[in-house]
Amino acid sequence: MWHYLIDFRVALLVSSDIDALCACKILQALFHCDQVQYTLVPVTGWQDLGTAFLEHKEQFRYFVLINCGANVDLLEMLQPDDDSIFFICDTHRPVDVVNVYNDTQIKLLIKQDDDLGKTLLSFISTYTFEYSLILAVHYTYSVGISEVFISVFSQAAMMFFELAWVLTKDTKDMLWWAIIGLTDQWVHDKITHMKYVTDIATMQRHVSRHNHRNEDEENSLSIDCMRISFEYDLRLTLYQHWTLYESICNSCYTSCSFKLWTLNGQKKLQEFLADMGLPLKQVRQKFNSMDMTIKENLRDVIEEASNKYGMKDIRIQTFGVHFGFKNRFLASDMVHATAALLESTEKDESDSDNFIKALDSLSRSNLDRLHSGIELAKKKLIAIQQTVASCICTNLILSQGPFLYCYLMEGTPDVKLFSKPMALTLLCKYLLKAFVHSTRNKRCKLLPLIMAAPKDVEKGTVIVVGITPESETSDKKNFFGRAFEKASESTSSRTLHDNFDTSIIELKTEDRSKFLDALITLLS
């Protein structure tokens, strides 16, 4: 790939997700190393991608697509000239078979994964990505719908970091961006726990290598130094930038374990805090202001108390970073802050403006931007927890037979926030976890969830998301993309399948009932 690009101007088309932003940062740094000229174009969906290509096809021959383009017949869609070449690094599945076969204009950048499971049909790409990159495609069939699936492959950010490593141009910043890209996949539940742990081990080896390499450097203790460390930290979202109490209340893991939407859950939380022996004055003030003696042993104290309440997975393998002496962030802090900036609804700014702000927040020279993202993320998490509590307490989650369904009415608090795909998907995952913890119906615990929220009131549209059943062992294969297509075709529902993730669509509000009925029939 690299020898193709270094002599030409490149169009860099980047999807609006955190892994793609991190991959973009790594590629930008590589381009800077070799003085490659490029134009960065953020794309939010297929229409955006088509428009961006039309605007740039005269000036560019080479296009790099990050987390977009693999799961459609790209040449059919874009109708490019014969000399246009597309390098596609995309984690969305399934990959369109035409893209697999056409290796003259389409260069799929996919690294072979070790745990592919049973491969029924494999294609080996002849293209090399500096070192061997093997493309494997295999088919699975879901109940009722023939569907193509592929096991989870490496994240885009990790792919480009490994390219930088092979080219001996990797830096600590690139490594940190790769870690954030991996953590994004875990936070947004896109990869299995086993895949996450395996990739964390890979990243840990790179962290050790970089730390060892920089041990003797004079600036290792300077005020602008950067130190990455492996952590076995708490699953309490943003707790180092919040109060411990608010973090416990607004973290999915603890909120669902205690069932904090109930009076009994609130009582349990008070007992939990008492068991830890932490004064309320301490847990209700900013983490940075807590007594040092409490902070030193906090993780062990919380883990010990959590075991009594059945929260045996309160700690998770992750990474942290120090910028200088006082700025410390966990990888998950970065994911939540960047996601909040990327989908900010506070000001009427364009998607491109939000994209640039989110991209800026990943640079250690823009800590003010990152801190503003953390404040937005706190508001988002509070809104999610309040909405989850409201949906559970008012029985808004309905069993529709083959799946659960929830609709957020217009006028619901913070409903504008949930018109964004990442925010709605995160709400959907938190809500399903909370429902599984609260329901006594064993069958409902095994069902997927479809959620709809107002998208554009003036146009009369809703955004619809489908997620897989809540399960630690789930393989994360999502069949809703094809199901949504079939239901739309059979009822002539007015839908827009514009998102790169096929399990997220837009639908005309008045078509909601017939679309839902068709889905029930299709999946029963």
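Each remark here, short or long, concerns the structure printed above.
A few points on the structure. Everything quoted here is computed from the prediction, not taken from an experiment.

1. Some details on the overall build of the chain
1) Next: Regarding its fold elements, the chain presents 20 helices and 18 strands.
2) Next: Buried residues in the chain amount to 57% of all 524 residues.
3) Next: A separation threshold of at least 6 residues defines the contact pool for the chain, and within that pool the share at least 24 residues apart is 69%.
4) Next: For the chain, the exposed surface amounts to about 22,700 Å²; the carbon and sulfur share of it is 50%.

2. Topic: the sheet that holds strand 10 (residues 226–234)
1) Next: Taken in spatial order, the 3 strands make up an open sheet running 10-11-12, and their pairing is antiparallel. Strands with a single pairing partner mark the edges of an open sheet, and in this sheet they are strand 10 and strand 12 (327–330). Ignoring which end each strand starts from, the neighbouring axes of this sheet average 25° apart.
2) Next: As defined by bridge partners, strand 11 (residues 315–323) adjoins strand 12 across 4 bridges and the pair is classed as antiparallel. For histidine 322, the partnering residue across the bridge sits in strand 12 and is arginine 328.
3) Next: Contacting strand 10 and strand 11, helix 8 (residues 193–213) runs over the sheet at an angle of about 35° to strand 11.

3. A closer look at helix 3 (residues 46–56)
1) Next: Of all the residues in helix 3, the buried ones are Trp46, Leu49, Gly50, Ala52, Phe53 and His56. Burial along helix 3 is one-sided: seen end-on, the buried residues are contained in an arc of 165°. Set apart from the buried face of helix 3 by more than 90 degrees, the exposed residues are Gln47, Leu54 and Glu55.
2) Next: Against strand 1 (10–15), strand 2 (38–43), strand 3 (62–66), helix 4 (74–78) and strand 4 (85–89) lie the buried residues of helix 3.

4. Describing the packing of aromatic side chains
1) Next: In this structure the tally under the stated criterion is 17 aromatic pairs.
2) Next: Judged by centre distance (5.6 Å) and plane angle (75°), the ring pair of phenylalanine 230 and phenylalanine 319 falls under edge-to-face. Here the residue phenylalanine 230 occupies a position in strand 10, and phenylalanine 319 occupies one in strand 11, the gap between them amounting to 89 residues.
3) Next: Members of the aromatic cluster, each reached through a chain of ring pairs, are Phe53, Phe60, Phe63 and Phe86.
4) Next: Lying across the ring of phenylalanine 287, lysine 295 places its NZ or CZ 5.1 Å from the centre.
5) Next: Over the ring of tyrosine 407 we find arginine 512; its NZ or CZ atom is 3.7 Å from the centre of that ring.

5. Looking at the packing of helix 11 (residues 263–276) against helix 14 (residues 298–308)
Packed helix pairs are characterised by how far apart their axes lie and by the angle those axes make with each other.
1) Next: It is the contact of helix 11 with helix 14, at a shortest axis distance of 9 Å, that shows an interaxial angle of 130°. Looking at the two axes, helix 11 sits oblique to helix 14. Of the two elements, helix 11 crosses helix 14, and the hand of that crossing is right-handed. Across from Phe272, Asp275 and Met276 in helix 11, the residues of helix 14 making contact are Val301, Ile302, Ala305, Ser306 and Lys308.
2) Next: Its residues placed into classes, the contact of helix 11 with helix 14 shows 5 nonpolar, 1 polar and 2 charged.

6. A closer look at the pattern of salt bridges
1) Next: In total, this model carries 21 salt bridges according to the counting rule given.
2) Next: We note a salt bridge from aspartate 189 to lysine 429, for which the minimum N-O separation is 3.9 Å. With aspartate 189 in the loop between helix 7 (172–187) and helix 8 and lysine 429 in helix 18 (residues 421–438), this pair connects stretches of sequence that are 240 residues apart.
3) Next: Aspartate 189 sits in the partly exposed class, given a relative accessible area of 28%.
4) Next: The class for lysine 429 is buried, based on a relative accessible area of 15%.
5) Next: Across the pair lysine 433 and glutamate 470 runs a salt bridge whose closest N-O atoms are separated by 3.1 Å. Here lysine 433 is found in helix 18, whereas its partner glutamate 470 is found in the loop between strand 16 (461–467) and helix 19 (480–491), with 37 residues between them in sequence.

Each value, and the rule that gives it
Residues numbered from 1 in each chain as written. Predicted model: local features only at pLDDT ≥ 70, side-chain atom pairs only at ≥ 80, totals over all residues. Heavy atoms only, no water. Helix = DSSP H or I, 4+ residues; strand = E, 2+ residues; numbered from the N terminus. Buried < 20%, exposed > 50% of the residue type's maximum accessible area, 1.4 Å probe, protein only. Contact = heavy atoms within 4.5 Å. Areas by Shrake-Rupley, 256 points an atom, 1.4 Å probe, with all protein chains shown as cover. Pairing = 2+ DSSP bridges. Axes fitted to C-alpha atoms, helices over the stretch in contact; angles between N-to-C directions. Arc of directions from axis to C-beta. Phe/Tyr/Trp six-rings, centres within 6.5 Å; stacked < 30°, edge-to-face > 60°. Lys NZ or Arg CZ within 6 Å of the ring centre and 35° of its normal. Parallel < 35°, antiparallel > 145°, perpendicular 65-115°, else oblique. Left-handed = near helix turned anticlockwise from the far one by under 90°. Nonpolar A, V, L, I, M, F, W, Y, C, P; charged D, E, K, R; others polar. Salt bridge = Lys/Arg side-chain N within 4 Å of Asp/Glu carboxyl O.

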